[in-house]
Protein chains: 2
Amino acid sequence: MAESLLTQRVDAIRRLARRGAAAALGKVVAKTRAEDLAAAMMHLHPPEQRLVFGQVREDSVAAVVLASVDPQDFTHLIKDLPVDRLAVLLAAMDPDDQTDALEHLDEETRAAVLQRIHGEEREQVEELMGYRPDTAGGIMSPLAFRLSEDCTCRDAIAAVQEVSDHEQIYYIYVENEVHQLVGVVSLRNLLTHAPSTTLNEIMIRDVISVTPQTDQEEVARIAGRYGMLAVPVVDEQRSLLGIVTVDDVIDVIREEAAEDMLLMAGVSEQETPNLTRTQAVLQRVPWLMITLGGGLLISEVIRRFNGVLSSDLILAGFIPIVMGMEGNVGIQSATLTVRNLATGRLEGRAGSTVIAEMGTGLSMGVLFGVLIGTYCMVRYQDYHVAAAVAIAVVTGMTCAALVGTAVPLTMKRLGIDPAIATGPFVTTAMDGVGLTIYLSIASLLLGGR
Amino acid sequence: MAESLLTQRVDAIRRLARRGAAAALGKVVAKTRAEDLAAAMMHLHPPEQRLVFGQVREDSVAAVVLASVDPQDFTHLIKDLPVDRLAVLLAAMDPDDQTDALEHLDEETRAAVLQRIHGEEREQVEELMGYRPDTAGGIMSPLAFRLSEDCTCRDAIAAVQEVSDHEQIYYIYVENEVHQLVGVVSLRNLLTHAPSTTLNEIMIRDVISVTPQTDQEEVARIAGRYGMLAVPVVDEQRSLLGIVTVDDVIDVIREEAAEDMLLMAGVSEQETPNLTRTQAVLQRVPWLMITLGGGLLISEVIRRFNGVLSSDLILAGFIPIVMGMEGNVGIQSATLTVRNLATGRLEGRAGSTVIAEMGTGLSMGVLFGVLIGTYCMVRYQDYHVAAAVAIAVVTGMTCAALVGTAVPLTMKRLGIDPAIATGPFVTTAMDGVGLTIYLSIASLLLGGR
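As the structure is a computational prediction, the values presented were derived from the model and not from experiment.

A. Here's a closer look at a nonpolar patch on the surface. Together, Met 289 of chain A together with Leu 367 and Leu 371 of chain B give the surface a local cluster of nonpolar side chains, amounting to about 220 Å² of exposed area. With respect to the helices and strands, the residue Met 289 of chain A is situated in helix 17 (residues 277-304). Note on Met 289 of chain A: relative accessible area 36%, which makes it partly exposed.

B. Local environment of the packing of helix 8 (residues 95-103) of chain B against helix 10 (residues 119-129) of chain B. All names here are of chain B. Two numbers describe how helix 8 lies on helix 10: the axes approach to 10 Å, and their chain directions differ by 65°. Viewed along their axes, helix 8 and helix 10 adopt a mutual orientation that is roughly perpendicular. When you trace helix 8 past helix 10, the crossing you get is right-handed. Mapping the contact onto sequence places Pro 95, Gln 98, Thr 99, Leu 102 and Glu 103 in helix 8 and Glu 121, Gln 124, Val 125, Leu 128 and Met 129 in helix 10.

C. View of the environment of Val 234 of chain B. Residue and element names in this part refer to chain B. Mapped onto the fold, Val 234 is located in strand 4 (residues 230-234). Owing to a relative accessible area of 4%, Val 234 belongs among the buried residues under this scheme. Along the primary structure Val 234 and Pro 212 are separated by 22 residues, whereas in three dimensions their C-alpha atoms are 6.9 Å apart. Discounting residues that sit within four places of it in the chain, Val 234 has contacts with Leu 181, Ser 209, Val 210, Thr 211, Pro 212, Ser 239, Leu 240 and Leu 241.

D. Molecular detail of the nonpolar core. The biggest cluster of nonpolar side chains holds 67 residues, and the ones touching the most others in it are Tyr 173 and Val 244 of chain A together with Tyr 171, Tyr 173 and Val 244 of chain B. Discounting chain neighbours no more than four positions away, the residues touching Tyr 173 of chain A are Ala 144, Phe 145, Arg 146, Leu 147, Leu 181, Gly 183, Val 184, Ala 230, Pro 232, Leu 240 and Ile 243 of chain A.

E. Fine view of the pairing of strand 5 (residues 240-245) of chain B. All names here are of chain B. Strand 5 sits mainly inside the fold: 5 of its 6 residues count as buried. Bridge count for strand 4 against strand 5 is 5 bridges, and the pairing is antiparallel. Bridge assignment links Val 234 to a residue of strand 5, and that residue is Leu 240.

What counts and what doesn't
Residues numbered from 1 in each chain as written. Chains lettered and ligands numbered in written order. Predicted model: local features only at pLDDT ≥ 70, side-chain atom pairs only at ≥ 80, totals over all residues. Heavy atoms only, no water. Patch = residues over 30% accessible without salt bridge, like charges linked within 9 Å, V, L, I, M, F, W, Y side chains within 5 Å. Areas by Shrake-Rupley, 256 points an atom, 1.4 Å probe, with all protein chains shown as cover. Salt bridge = Lys/Arg side-chain N within 4 Å of Asp/Glu carboxyl O. Helix = DSSP H or I, 4+ residues; strand = E, 2+ residues; numbered from the N terminus. Buried < 20%, exposed > 50% of the residue type's maximum accessible area, 1.4 Å probe, protein only. Axes fitted to C-alpha atoms, helices over the stretch in contact; angles between N-to-C directions. Parallel < 35°, antiparallel > 145°, perpendicular 65-115°, else oblique. Left-handed = near helix turned anticlockwise from the far one by under 90°. Contact = heavy atoms within 4.5 Å. Core = buried A, V, L, I, M, F, W, Y, C linked by side-chain atoms within 4.5 Å. Pairing = 2+ DSSP bridges.

On their own, these measurements won't tell you what the molecule is for.
Okay, here's the thing in C-alpha cells:
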C-alpha cells in the first residue's frame, strides 16, 4: 500500500476507533494486509492500537502484525494480552521473529510464554536466544532448506513440493554426509538439468557464509555486496545453523543508520513519538548534561580572560563565530570519518586520513582566517583583534579537523561506536579548546595594551 | 569475503601494484571475485585501481566490477579506457547498471558509447535514462520475467528453463491479453501444482506495484514492508515496465541514510577519501560560508549589547553555554523529526509533534535554567545574570525545540530534503536567536544599573 493510501486507511481507522465503532473497524481491519496494519500502528496511540489489534480475527495475521511492528508498538500491543494468547501468536511466527519477540518481553512474561512452548521448538528458540541480538546468530532463521549432495534433481523437486507454503525457499543448501555445507543450488537450476543429475554435479561449491558470531553489519555488507537473498550461517564444523534473509538485512541496515544518526545528535535510539514527556526528557538530559558541564568549564575559561575581554570588547563579539566555525569543521570531519568507517573505506589508512583531514582543515582555516580577519580590520580597524581571530581560526580549524578525525578512529579501535564522536561530547570539547586558543592568542597580542 | 580477508587481499594487491609485479597481480586478480575486486577498489589509489582493473581478463568480470564500484571509483577506473572497450563492458552489464554507468559518464563519452550500442538495446537504455535517477523508473531493470495468464505450469517451467543463466528470476509476473499485470506466481508455486493448471488459477491477484515516478525511498519502504524480493513497476495502463530488485533496494537505503547523515553535518554527499584537497575544501566551504555569515551577524548583535556586556563581564562567560545548550536541543529535535519523517512515523501528526517537542524543550529549559541560574548565583552571587541566564535558557530551549521540529516539517512539505534542517543553516540561525534573547533579557534586567 502506498504511503498516501496508508494515511487514508489510518485516518479511517482512527475515526472509527474514536467512535468506538467496533463492527465497522473490524471490516476495515479484515480488508487490510497484516503488514499495513503493522505500519498503521505507528500512527496510532496505544489505546487505538490495542482496539485495532483486538479486531484482527486470524492468528496468522495477528502474528505477522506483532512480528512487524517496532519494539515500542510491540510493547503497547501486548500490554493487556493474556499469556496463553501471546504464546499462541508467538507459535505462529517464524523462529527468528519469535526470538525477537521473546527478547522484547519482560523476564516474567518470557518465562511464562516459554513454558507454553514445547519440545523441539522450545529448544530451538532457546538456542537462538543464546546468540547476541546484533550478530548473525541473533537474526538468523533456522528454516534453511537443505538437501544431501547425492540427492537428484528429481528428488530435490519432490522435496521442494513438500515444503509447507509458509516457508520461503531462497536457495537450496547442499550438505555432505557429515552435514557440512558444501554447496548451494538455485531453485531454477533444479529445473534446467536432467532429473537424474545429482546436486553435487550442479552446485556452486564456493559458498559465501558467516558464523553465528559475525556482526550483523558485516552480514548486511556481505549480502549487499554479493546480491544474496539469504546468507548461510555455519558453525566451526561448517554445519548449517540457519540463514539470514534479505528482509532482515534490510532491517539491519535501517537500524544501524538510524542508530548512527541519533547517536550523532545526542538522542537515545529508542525515542519514538509515543514516549511520555518525562521519558523523552530523561533520554535527552544526559547528553545536555555533557554540554552543561563543558559550558560551565568554558565560562570559567572566559572568566580568566576577563581582563583582556574588558580591554577590548570587540573580542567578545567574535566568540560565537570562532566557536561556530570550528565546531562546524569538527562535525564535518567527524561525520565523514564515521561515514567512511561504516562503509569500510578507511580500512588500513587511518594515518593518511588524519593527515589529509588536517590539511583540509588548515586550508579552510587559512581561507576563513583571512576572510574574518579582513572583515575585522575593515569593520572595526582593530588590528589586534583581527590578528587574534585570524590566528585562532587557522589553528582552531586545523585542531578541529584533527580531533574530528582522530576521535572516531580511536573509538572504533577501542570498540566504541564512533558515531558518539560527533555528539555533544566532542562538540563541547572542541568549543573549549577553540575558545582557549582564541582568548590566549588575544591576550598575548593585547595583553600589553 | 569477510572484511578482514578483504583487507589482507587489498594489502597483497597494493604491495604487488607498488612493485609493478603485473604477472603476480594478474594471478591474485584472477582468483578474486568481481564483487571483492570492486570492494577492494575503494581502498586503492586511482593509479593502483587502474593497474588492478587492467589485469581483469574476462569482460563479464570487468563489467561486474564497473557496475559495483562507487561513482567516484568508477570515474577513476574508466579514465583512460578507450570508448570501444567501455561500450563492450557496458553491453555486458544488466540494463539498470548500464543506465547508471551511462549517467556517470561525461556527455561526450556518453554520446560516443551510446552510438556503439545498437537497435533495441539502445532504445531500452534511452528510455530508462528518461526517468529521474531517484525514482522507481531510474533504478528498475526491464528484465522482468513475464508470462501470459493462460500459460500452463508445464509451459511456464519450460519457459523458465530457457531463460539465460545471466538473468535471475525473482517472481513470475502474469499478464492478460492486453499486457496488463494481473498476477504474480513464485517459482516454487509452479512446482506444487498440476502441470496443466494455468497461471490464472494459481496466481496471487493482489499485486503490489509502483509507478516509474514513485520515489526510490518509497519503493524501498514497500519492498521492506512486504518482504518483496522485487517490486514491479507498471505504467498507467498497468503494463509491466520492469522490476526494482532487492539489491537495488539495499543500495537505496544505504544511499539515503548516507545522504541524510552528511547533509545534517554540512558535507556534500559526494565526498570520499580519494578527493583532492582542493575538491574537499570546495565542497565544504559553502556550508561554512553560512556559518560565517550567521556568525558575523551575531557579532553585530553582541556589539549592540556592548553596553550591558561591559557593565557585567560575567554575562560574556555564559554566551557559549547558552548557545551550546540551545543548539543541542535544536539538533536533537531536528534529528528526531528528520528520522521520524524518514520512517513515516509523523504522517498526519505534524501539529501534535511540534507541540510535544516544545513541551519537551520547555521541560528541559526549566530544568537547565534552574541549574545554570543556581550555579550562577552560587559562583558569582550575581542575581541579575542568574535571572537572565535562566530565563534565556527556558525561552531559548523552547524556541530551539520549536524551530528544530517545525523547520524540517516545513521543508518536507515544500519538497526539500528535511535533513538540511539540522545542518549549519538552522544551527546558526538558532545561535543568533538564542543569543539575542539572552542579551535582550540581560539588558532589560541590568540596563538600569
